[in-house]
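Below are the chains, spelled out letter by letter.
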Amino acid sequence: MAARSDRRVIVVADPAELASRAAERVLARIAENSERVAICLAGGSSPKQLYSLLVTEPYRSRIPWQRVHWFIGDERFVPANDPLNNMGMARRLLLDRCAPASNIHPIPTDTGNPNESALRYARELESFYGAEGLRPERPLFDIVFLGVGPDGHTASLFPDDPALEEAKRWVVGVPQAHVAPFVPRVTLTLPALGSCREMLFEAAGSDKRAILTRLLAGENLPANRARATGETVWLVDKAAVPENLGDR
Ligand code: 6PG
């Protein structure tokens, strides 16, 4: 597999097209892998439309649910049934409707603190992967979904936070979020998120335009540092991109 890829930005009309293009990309990645598939989901509100779409036809029947495993890129340190819990949202909209329970891999939050959760999740990921060290030719995930926050954070990797510099551990605790909701977080690190065949960012709506302008100008922000060992794709809708940008 190639070294760190460049990013491809695909501009779509609106959130509905964004969700259907993302769904097609999921199916394409699944089709490329005839064995066990690993998908790392994102939290926040951006992927909600995609999750709701995947339980509808024709997508639902095209997903081989028995061999697809679902992970989450970051979690808010709140109970699993708290409305703020990222995996809770993905479960309600998508996973609990279709996925076998043993294929759902939430970040545990019933621990003493975020670091303990991070350790437990790292062990779970390592045992799924079957090794302690990530190898570029054998990515951990088939596809990793990410969103971007107003400060350029992605997952729970915030600007200037030490978690961003983590080069060895796969998962770390983040004691303080830099944006709402202000609860501690647990996040996969850049090396773990980047170990994938495809990294797919989703950003829609005019609220994202200011941060996308900065990111597309190449500012050194977490979302710009997240790159796949495979392909990195940004799906953005027209309202989110600065005018006259087009595809790039
Ligand atoms: C979280 C997320 C976070 C999110 C971005 C974008 O726990 O909040 O994982 O990284 O993806 O903040 O959030 P929206 O999709 O809600 O804009």
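All figures in this text were calculated on a predicted structure; none of them were measured in a lab. (Residues numbered from 1 in each chain as written. Predicted model: local features only at pLDDT ≥ 70, side-chain atom pairs only at ≥ 80, totals over all residues. Heavy atoms only, no water.)

## With respect to the overall build of the chain
Argument step 1. Looking only at helices and strands, the chain features eight helices and nine strands.
Argument step 2. Its C-alpha radius of gyration of 17 Å places the chain within 12% of the 18 Å reference for a compact globule of 248 residues.
Argument step 3. Each principal axis of the C-alpha atoms in the chain carries an extent, and together these give about 50 × 40 × 40 Å.
Argument step 4. Looking at the chain as a whole, 56% of its 248 residues qualify as buried.
Argument step 5. When contacts within the chain are restricted to residue pairs at least 6 apart in sequence, those whose partners lie at least 24 apart make up 76%.
Argument step 6. As displayed, the chain has an accessible area near 10,800 Å², and 50% of this comes from carbon and sulfur atoms.
Argument step 7. One finds the centroid of the 30 positive side-chain charges in the chain at a distance of 2 Å from the centroid of its 31 negative side-chain charges. (Helix = DSSP H or I, 4+ residues; strand = E, 2+ residues; numbered from the N terminus. Rg over C-alpha atoms; globule rule 2.2 N^0.38 Å. Buried < 20%, exposed > 50% of the residue type's maximum accessible area, 1.4 Å probe, protein only. Contact = heavy atoms within 4.5 Å. Areas by Shrake-Rupley, 256 points an atom, 1.4 Å probe, with all protein chains shown as cover. Lys, Arg positive; Asp, Glu negative; His and termini not counted. Charge placed at Lys NZ, Arg CZ, Asp CG, Glu CD.)

## What about helix 1 (residues 15-32)?
Argument step 1. Taking 1.5 Å per residue as the helical rise, helix 1 with its 18 residues ought to reach 26 Å, and the 26 Å between its terminal C-alpha atoms agrees with that figure.
Argument step 2. Within helix 1, the full set of buried residues consists of Leu-18, Ala-19, Ala-22, Ala-23, Arg-25, Val-26, Leu-27, Arg-29 and Ile-30. (Expected span 1.5 Å × (residues − 1).)

## Considerations on the nonpolar core
Argument step 1. Counting 86 residues, the largest nonpolar core has Ile-39, Trp-70, Phe-141, Phe-145 and Leu-188 as the members making the most contacts within it.
Argument step 2. At seven residues, the largest contribution of residues to this core is made by helix 1.
Argument step 3. The contacts of Phe-145, once residues within four sequence positions are left out, are Ala-22, Val-26, Ile-39, Cys-40, Leu-41, Ala-42, Leu-50, Leu-200 and Glu-202. (Core = buried A, V, L, I, M, F, W, Y, C linked by side-chain atoms within 4.5 Å.)

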